[in-house]
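A look at the structure
Here is what each chain is made of, one letter per residue.
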Amino acid sequence: MIRLITTFLSGGLFGVGLLVSGMTDTRKVQGWLDIFGDWDPTLAFVLGSAILPMAIAWNIASRRARAVLGNALPGKPRVEIDRNLVLGSLMFGAGWGLVGLCPGPAIASISWGGTGGLLFLLAMLAGMMIAPAFRARLTAMAAALS
Amino acid sequence: MEIDWIWGIVGGLMIGLAASFHLLVNGRIMGASGILGGLVDRTGWSTWAERLAFIAGLALVPVLLIPVYSGPVVTNITGNIWAIVIAGLLVGVGTRLANGCTSGHGVCGISRFSLRGITATIFYLLAGGLAVIVFRHLLEVI
């Protein structure tokens, strides 16, 4: 039960941070990606100041075996750069630029995003649902080509 | 404009602290697409309650701030339905294929110098910048 409460709090603080930082405004996100237009630097400040405390947290985690609630901390990250990582990131980035929403703000926008936000969330859920089949299709195609 | 930067830094610190808390207390990596996607395709079904708790916090807690927040939340979401549907599908499939998004690869990956996190971030920024050039400046649909 305690874990559900602490996890709820992580999600809550994440959401508040997204709202306070202005990342719920799609025009700000697109403004940062728009290097040839009227460039808005806000997102760089958000990402930079989010990475800083997290780097300290990873440093603390590297000297501990377990999290406060007792389970094992995540192991070392995978290192291989593969087709799915690159292609998936390109697809994600294209959608992110097109509308200005990534998964975190899309979930948070349930509360204030209106029909547009809800439609985006539903389409994103549909995308997540077909992702395993898409991944399998890619693997099959790559195998056929090689 | 300067005030936006300050709010960006304050909000960014909150996002970083949320990710730190999630790692050190709950022992998990705070990646929005992974937490939600694991429920959708059932690969994370064994931890469904935790995932729902995170999503509930993310969706409900910021609302409590709205009364003290200056006016309604501005989203500026495009009115182009096709753009919304296509973008949503791309974000859904893409983040699951790449195993992460801005929070998992960006915030949690870069901060531990993860090669995959840094690579993913380079490619999604590249594609995002290109999408804005094409759809805003060339096609003028957004």
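Given the structure is predicted, the values throughout are model-derived calculations rather than measurements.

Once that is clear, we can look at the overall build of chain A. Each helix and strand in chain A was counted, giving 6 helices and 0 strands. Helices (α) and strands (β) of chain A occur, in sequence order from the N terminus, as α-α-α-α-α-α. By principal-axis analysis of the C-alpha atoms, chain A measures approximately 45 × 45 × 35 Å. The buried share of chain A, reckoned over its 146 residues, is 50%. Taking the intrachain contacts of chain A between residues at least 6 apart in sequence as the baseline, contacts between residues at least 24 apart amount to 41%.

Looking now at the domain arrangement of chain A. Residues and elements named next belong to chain A. Looking at the assigned domains, one finds that chain A contains domain 1 (1-77) and domain 2 (81-146). Taking only C-alpha atoms into account, the centre of domain 1 sits 20 Å from that of domain 2. Counting residues at the interface gives 11 residues for domain 1 and 8 residues for domain 2. Elements with a contribution of two residues or more to the side of domain 1 that touches domain 2: helix 1 (2-21) and helix 2 (26-33). With 5 residues, helix 2 is the largest single contributor of residues to the side of domain 1 that touches domain 2.

Averaged over all residues, the pLDDT of chain B equals 95, while 98% of them reach at least 70. Overall fold confidence for the complex sits at a pTM of 0.96, while the interface term, ipTM, reaches 0.96.

Residues and elements named next belong to chain B. For arginine 42, which is not glycine, the phi torsion reads 70° and is therefore positive. Relative to the assigned elements, arginine 42 resides in the loop between helix 2 (32-40) and helix 3 (48-65). Overall, arginine 42 belongs to the exposed group, with 12 C-beta atoms counted inside 10 Å. A positive phi angle, close to 55°, is found at asparagine 76, a residue other than glycine.

Facing 98 residues of chain B, the contacting portion of chain A comprises 99 residues. Contributing elements (two or more residues each) for the side of chain B that touches chain A: helix 1 (2-24), helix 2, helix 3, helix 4 (81-98), helix 5 (102-110) and helix 6 (115-138) of chain B. Looking at the side of chain B that touches chain A residue by residue, the classes come out as 62 nonpolar, 29 polar and 7 charged.

Grouped together as the largest cluster of nonpolar side chains are 80 residues, with contacts concentrated most on Phe120 of chain A together with Ala18 and Ala19 of chain B. A domain split of this core shows at least three residues from each of domain 1 (1-77) and domain 2 (81-146) of chain A. Setting aside residues up to four positions removed in sequence, phenylalanine 120 of chain A forms contacts with Val99, Leu101 and Ala106 of chain A together with Ile84, Ala87 and Gly88 of chain B.

A packed helix pair is summarised by two numbers, namely the angle formed by the two axes and the spacing between the axes. Running from N to C, helix 4 (residues 83-99) of chain A and helix 6 of chain B point in directions that differ by 40°, and their axes come no closer than 7 Å. Taken together, the axis directions place helix 4 of chain A and helix 6 of chain B in an arrangement best described as oblique. The chirality of how helix 4 of chain A crosses helix 6 of chain B is right-handed.

Rules used throughout
- Residues numbered from 1 in each chain as written.
- Chains lettered and ligands numbered in written order.
- Predicted model: local features only at pLDDT ≥ 70, side-chain atom pairs only at ≥ 80, totals over all residues.
- Helix = DSSP H or I, 4+ residues; strand = E, 2+ residues; numbered from the N terminus.
- Buried ≥ 20, exposed ≤ 12 C-beta atoms within 10 Å, placed from the backbone.
- Contact = placed C-beta atoms within 7 Å.
- Domains from an automatic or database assignment.
- pLDDT = per-residue confidence, 0-100.
- Nonpolar A, V, L, I, M, F, W, Y, C, P; charged D, E, K, R; others polar.
- Core = buried A, V, L, I, M, F, W, Y, C linked by C-beta atoms within 7 Å.
- Axes fitted to C-alpha atoms, helices over the stretch in contact; angles between N-to-C directions.
- Parallel < 35°, antiparallel > 145°, perpendicular 65-115°, else oblique.
- Left-handed = near helix turned anticlockwise from the far one by under 90°.

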